[in-house]
Amino acid sequence: MLALMTGATALLFSDYRRHRREDLHRHSAFLAVIADSVPASVRKLISHEITLAASFLRWATRRGPHGVRGGDHAVPYASAQTATMYGLLFVCIVETVALAHLIPWPVVHATTLVLDIWGCYFLLALHASCVVRPHVIGADGSLRLRYGALLDIRIPAHRIASVRPERACPNGGPAAPDESGVADMAVAGLTTVTVELTEPVRYVRVLGKHAEARVFRFYADDPVTAVAALRAGGRSSPGSRTPPGP
């Protein structure tokens, strides 16, 4: 193990020196080494976990929505999934307690308990991240589409061609574009707003894959207000900074 660790450290240091010789700053060289050594999907998962933890703390301390500045309009979307999330959380808690009493083998018991507790935390943190990370209509008319800690898509104002309230029940995965360039960000299997662009926007999907779409359909708790704010160029209305809640 010591030999393997020494060899891995030597390889990482060699890669770091190579990037430094390419005139990269120390921080940039370090990030380049991480990009060379760690697969994109693993980096994305680590980023998700860090964002989930930060979002959970923000939600627990009621610090207000993330990424909503003065003049921006927050577009909440988490209420449609609240009942489902808390129902799943209840089932996970019951499973955790049941397995803690049923499994007699210490190692299996400990492993299952840790995984079950993490599963309960993940569900609660995911919902919390959806509450504190709403969609954002910028003061400049730009649109930032998010789903908790998993997705963050930025659409410049000049690329928005049209927007309309429209209910749909898509079947595809989160933000997975179809053959016609339509990407859905559904909540509880439903979208309520459709945005058409003048040209495709590139973005990063949940596990690090790159994609592009020309039409985005997303869910908003109040689609009429969201559409009005987008059509008005993102001018903030009273109460646009929505505080977090369960």
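Here's what I pulled together on the structure shown here.

Turning to the sheet that holds strand β5 (residues 160-168), a few remarks are in order. Ordered by their spatial adjacency, four strands build an open sheet running β5-β7-β8-β6, and the pairing between neighbours is mixed. Among the strands making up the open sheet, the edge pair consists of β5 and β6 (182-185). Pairwise comparison of adjacent strand axes, ignoring direction, gives a mean angle of 45° for this sheet. The strands touched by helix α6 (residues 223-231) are β5 and β7 (191-204); relative to β5, the strand with the most contacts, the crossing angle is about 175°.

Two strands pair when backbone bridges link them, and β5 and β7 are joined in this way by six bridges, in the antiparallel orientation. Bridge pairing links Ser 162 to Glu 196 in β7. In this sheet, strand β8 (residues 210-218) lies alongside β7 in antiparallel orientation, the contact comprising eight bridges. By the bridge assignment, Glu 196 is partnered in β8 with Val 215. Hairpin connection from β7 to β8: five residues lie between these consecutive antiparallel strands, with Gly 208 at a positive phi of about 100°.

With that settled, the discussion passes to the pattern of salt bridges. In this structure the tally under the stated criterion is nine salt bridges. Where Asp 184 meets Arg 217, a salt bridge forms, and the shortest distance between an N and an O atom there is 2.5 Å. Taken as a pair, Asp 184 in strand β6 and Arg 217 in strand β8 lie far apart in primary sequence, 33 residues in all. Here Asp 184 falls in the buried class, since its relative accessible area comes to 10%. Where Arg 202 meets Glu 212, a salt bridge forms, and the shortest distance between an N and an O atom there is 3.9 Å. Of the two residues, Arg 202 is situated in strand β7 and Glu 212 in strand β8; the sequence distance between them amounts to 10 residues. Owing to a relative accessible area of 55%, Arg 202 belongs among the exposed residues under this scheme.

Taking 1.5 Å of rise per residue, 12 residues should cover 16 Å, and helix α2 (residues 26-37) covers 17 Å from first to last C-alpha, within 8% of that figure. The inward-facing, buried residues of α2 abut α1 (2-21).

Here the focus is the environment of Ala 168. Take Ala 168: it is sitting in strand β5. For Ala 168, a relative accessible area of 13% translates into the label buried. When the C-alpha positions of Ala 168 and Ala 186 are compared, they lie 8.8 Å apart, and in sequence the two are 18 residues distant. Beyond its immediate stretch of four places on either side in the chain, Ala 168 contacts Gly 189, Leu 190, Thr 191 and Arg 217.

Let's shift gears to the nonpolar core. As a rule of thumb, soluble globular proteins bury nonpolar side chains together. Ranked by size, the top nonpolar core spans 47 residues in total, and within it Leu 143, Tyr 147, Ile 155, Val 195 and Phe 216 carry the most contacts. The greatest single-element share of this core, amounting to eight residues, is contributed by helix α5 (residues 106-132). Other than its neighbours up to four places away in sequence, Val 195 contacts Leu 143, Ile 160, Ser 162, Val 163, Arg 214, Val 215, Phe 216, Phe 218 and Leu 230.

A few words on the packing of α1 against α2. Running from N to C, α1 and α2 point in directions that differ by 130°, and their axes come no closer than 9 Å. One finds that α1 runs oblique with respect to α2. Note on packing geometry: the crossing formed by α1 with α2 is right-handed. Within the contact between the two elements, α1 uses Leu 12, Asp 15, Tyr 16, Arg 18, His 19 and Arg 20 and α2 uses Arg 26, Ala 29, Phe 30, Ala 32, Val 33, Asp 36 and Ser 37. Taken together, the residues of the contact of α1 with α2 break down into six nonpolar, two polar and five charged.

Rules used in this analysis
Residues numbered from 1 in each chain as written. Predicted model: local features only at pLDDT ≥ 70, side-chain atom pairs only at ≥ 80, totals over all residues. Heavy atoms only, no water. Pairing = 2+ DSSP bridges. Helix = DSSP H or I, 4+ residues; strand = E, 2+ residues; numbered from the N terminus. Axes fitted to C-alpha atoms, helices over the stretch in contact; angles between N-to-C directions. Contact = heavy atoms within 4.5 Å. Salt bridge = Lys/Arg side-chain N within 4 Å of Asp/Glu carboxyl O. Buried < 20%, exposed > 50% of the residue type's maximum accessible area, 1.4 Å probe, protein only. Expected span 1.5 Å × (residues − 1). Core = buried A, V, L, I, M, F, W, Y, C linked by side-chain atoms within 4.5 Å. Parallel < 35°, antiparallel > 145°, perpendicular 65-115°, else oblique. Left-handed = near helix turned anticlockwise from the far one by under 90°. Nonpolar A, V, L, I, M, F, W, Y, C, P; charged D, E, K, R; others polar.

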